[in-house]
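Coordinate analysis (summary)
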Amino acid sequence: MNSLFIGSVGMPEVLLIVLVVLLLFGGKKIPELMRGIGKGIHSFKEGMNGVEKEITSEEKKE
């Protein structure tokens, strides 16, 4: 199980982090936060793909 986590973060630490997040944001806000994070990651990937396409198209021109 430790191979899935960075360093020596185990299941007790993950549970503690989840508990703190629940206490800070509450159960109703978490889905909104996850949706926002997902949209942010999606737009970041689209931007990276756009930059890669621009670079490859400029290399083909030269």
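Residues numbered from 1 in each chain as written. Predicted model: local features only at pLDDT ≥ 70, side-chain atom pairs only at ≥ 80, totals over all residues. Heavy atoms only, no water.

As recorded in an unreviewed UniProt entry, the chain goes by the name Sec-independent protein translocase protein TatA, listed as coming from Butyricimonas paravirosa. Quoted straight from UniProt, the Sequence similarities (unreviewed entry) entry for the chain says "Belongs to the TatA/E family." (UniProt positions renumbered as here; feature names shortened; annotations may be inferred.)

Some points on the pattern of salt bridges
Evaluation of the coordinates by the stated rule reveals one salt bridge. The partner of Glu32 in a salt bridge is Lys29, and the shortest N-O contact between them spans 3.9 Å. Of this pair, Glu32 and Lys29 both sit in helix H1 (residues 11–61), three residues apart, which is roughly one turn of that helix. Under the relative-accessibility criterion, Glu32 is labelled partly exposed at 45%. (Salt bridge = Lys/Arg side-chain N within 4 Å of Asp/Glu carboxyl O. Helix = DSSP H or I, 4+ residues; strand = E, 2+ residues; numbered from the N terminus. Buried < 20%, exposed > 50% of the residue type's maximum accessible area, 1.4 Å probe, protein only.)

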